Amino acid sequence: MTTTPPATRPANPRFSSGPCAKPPTWSPQALADAPLGRSHRAPVGKERLARAIDLTRDILGVPDDYRIGIVPASDTGAFEMAMWTMLGARPAQMVAWESFGAGWVADVVKQLKIEATVHEAPYGEIVDMGGLTYDHDVCFTWNGTTSGVRMPHGDMIPADRAGLTLCDATSAAFAQDLPWDKLDVTTFSWQKVMGGEAAHGMLILSPRAVERLESYTPTWPLPKIFRLTKGGKLIEGIFRGETINTPSMLCVEDYIFALEWGQSIGGLPALMARADANAAAIHAFCDTRPWIANLARDPATRSNTSVCLTVDGADPKAIAKRLEAEGVAYDIASYRDAPPGLRIWCGATVETADIEALLPWLDWAHAQEKVG
Ligand SMILES: Cc1ncc(COP(=O)(O)O)c(C=O)c1O
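Residues numbered from 1 in each chain as written. Predicted model: local features only at pLDDT ≥ 70, side-chain atom pairs only at ≥ 80, totals over all residues. Heavy atoms only, no water.

Novice: Tell me what's going on with the sheet that holds strand β8 (residues 185–189), and back it up with residues and numbers.
Specialist: Within the open sheet, the 7 strands sit side by side as β1-β9-β8-β7-β4-β2-β3. Their pairing is mixed. Across the chains shown, the open sheet's two edge strands, defined by having one partner strand only, are β1 (67–72) and β3 (116–120). Adjacent strand axes in the sheet meet at a mean angle of 15°, parallel and antiparallel pairs treated alike. In terms of strand pairing, β1 meets strand β9 (residues 200–205) through 6 bridges, oriented antiparallel. Paired with Gly69 across the strands is Leu203, a residue of β9. The sheet contacts of helix α4 (residues 207–215) involve β1, β4 (137–141), β8 and β9, and relative to β9 the element is tilted by about 95°. (Pairing = 2+ DSSP bridges. Helix = DSSP H or I, 4+ residues; strand = E, 2+ residues; numbered from the N terminus. Axes fitted to C-alpha atoms, helices over the stretch in contact; angles between N-to-C directions. Contact = heavy atoms within 4.5 Å.)

Right under this line is the structure:
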């Protein structure tokens, strides 16, 4: 039994899957020039909101004819807004392989009550995206944050389709390649891969999504914070930074800082490479241990952000608690609705040296908590 604690500790023990670690160069000083106490509709506010949108487009390689908006209520707000404004024009196919996807299924089936089929896979597995009908609308999550199962690519989605694809990409954006021609609605929040602050959602719309908004009116009423059109036309201002309601300019400044950091290290390829290196370090560790394994069954679907692990011979909750008490790893127990296990965030703001320093502690904590 390994009783001696490892000599090295992660410099930053923040491995939560959201809010995630801040960028390595972050300090409160990063926010010193935020236009606080000013209207978000003053030129200075609008300039910062537009800068956040422009940098997002630039780093993610979003096509020029796609709209990018900052909307209320984080990723949930953005995804709900898309479902409630666009679904119902065609039958929907609701796809889920973990808890957040299942949440969107419940919304459509129990709240919107539109014609829908449900396609689900258990934790660790993925739905066959090639078996869907893309004449219908398809709602899915690119990276299942609570199972660590991600789309390996978008090849199964036809570029030429009649329905819309609505993709919750909140734990994928900035770490995984998103094929824009396959995505009509893409949503994410700031507090995942870029380590921003919560409460603001990003809504990215393809021209076909805009066409849907302008040609279809749902039968149900829409609250003001969901409304994207006026008189049958898209409210273009939303996609230039004229937000529906008041954003936090402190959070906007913080997001801009994170995006500028991302750009400074080499943009999307560098951000993806950092997540890949982090996840690879964990995969290599699991390959040489009989007691710990990736929850994702097919290696091609293993997440490089929310890495979910099964544990044999010890209670993973006790392991997570012990490591938290040691100040070595915060928030690494699996999500409350997921199978018991560990979940270690590997997004771009996490340093590979910190993942490497954490791994011997997993051995140690497992040995301490071993049952039988
Ligand atoms: C896949 C997925 N969807 C939705 C959410 C909810 O996000 P938010 O709290 O930003 O609304 C999360 C949060 O972790 C998530 O991982």
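Novice: I'd like a rundown of unusual backbone geometry, residues and numbers included.
Specialist: What you tend to see is this: most non-glycine residues have negative phi, and most peptide bonds are trans. With an omega of -10°, the peptide bond between Gly18 and Pro19 qualifies as cis. Here the phi dihedral of Asp331 falls at roughly 65°; this positive angle occurs in a residue that is not glycine. For Asp331, a relative accessible area of 44% puts it in the partly exposed group. (Buried < 20%, exposed > 50% of the residue type's maximum accessible area, 1.4 Å probe, protein only.)

Novice: Lay out the packing of helix α1 (residues 43–60) against helix α5 (residues 249–264) with the relevant residues and their values.
Specialist: It is at 10 Å that the axes of α1 and α5 come closest, and there the two elements cross at 35°. Considering only the axes of α1 and α5, their crossing is left-handed. Counting all contacts with α1, which are made through Gly45, Arg48, Leu49, Arg51, Ala52, Leu55, Thr56, Asp58 and Ile59, the residues of α5 involved are Met249, Val252, Glu253, Tyr255, Ile256, Leu259, Glu260 and Gln263. (Left-handed = near helix turned anticlockwise from the far one by under 90°.)

Novice: Break down the sheet that holds strand β14 (residues 342–345) for me, citing the residues and quoting the values.
Specialist: Ordered in space as β12-β13-β14, the 3 strands form an open sheet in which the pairing is antiparallel. Looking at which strands have only one partner, the edges of the open sheet turn out to be β12 (292–294) and β14. Pairwise comparison of adjacent strand axes, ignoring direction, gives a mean angle of 35° for this sheet. The sheet contact formed by strand β13 (residues 306–311) and β14 spans 4 bridges and is antiparallel. Bridge pairing in β14 links Cys308 to Arg343. Across the sheet, helix α8 (residues 352–369) lies against β12, β13 and β14, angled at about 165° from β14, the strand it touches most.

Novice: How would you sum up the site of the ligand? Please name residues and give values.
Specialist: Residues in contact with the ligand, as listed here, are Ser74, Asp75, Thr76, Phe100, Trp104, Thr141, Thr145, Asp168, Thr170, Ser189, Gln191 and Lys192. Within the side chain of Ser74, an N or O atom sits 2.4 Å from an oxygen atom of the ligand. The side chain of Lys192 places a nitrogen or oxygen atom 2.5 Å from an oxygen atom of the ligand. For the ligand, whose free accessible area comes to 390 Å², the fraction covered by protein is 85%. Broken down by element, the shell around the ligand gets its largest block of residues, 3 residues, from helix α2 (residues 74–86). Of the residues in the shell around the ligand, the class split is 2 nonpolar, 7 polar and 3 charged. (Near = heavy atom within 4 Å. Polar contact = N/O pair within 3.5 Å; in protein donor to acceptor, adjacent residues only side chain to side chain. Areas by Shrake-Rupley, 256 points an atom, 1.4 Å probe, with all protein chains shown as cover. Nonpolar A, V, L, I, M, F, W, Y, C, P; charged D, E, K, R; others polar.)

Novice: Any chance you could break down the side chain of Glu253 for me, citing the residues and the numbers?
Specialist: Here Glu253 is to be found in helix α5. Taking the relative accessible area as the measure of exposure, Glu253 reaches 7% and is therefore buried.

Novice: How would you summarise the side chain of Asn143 if you had to cite specific residues and measurements?
Specialist: Looking at the secondary structure, you find Asn143 in strand β5 (residues 143–144). The exposure class of Asn143 is buried, given its relative accessible area of 1%. A distance of 3.4 Å separates a polar atom in the side chain of Asn143 from a polar atom in the side chain of Thr305. A distance of 3.1 Å separates the side chain of Asn143 from the side chain of Ser306, its partner in a polar contact. For Asn143, the contacting residues outside a window of four places in its chain are Val149, Arg150, Asp168, Ser171, Ala172, Gln176, Ser303, Thr305 and Ser306.

From the geometry alone we can't say anything about function, so treat these as descriptive.
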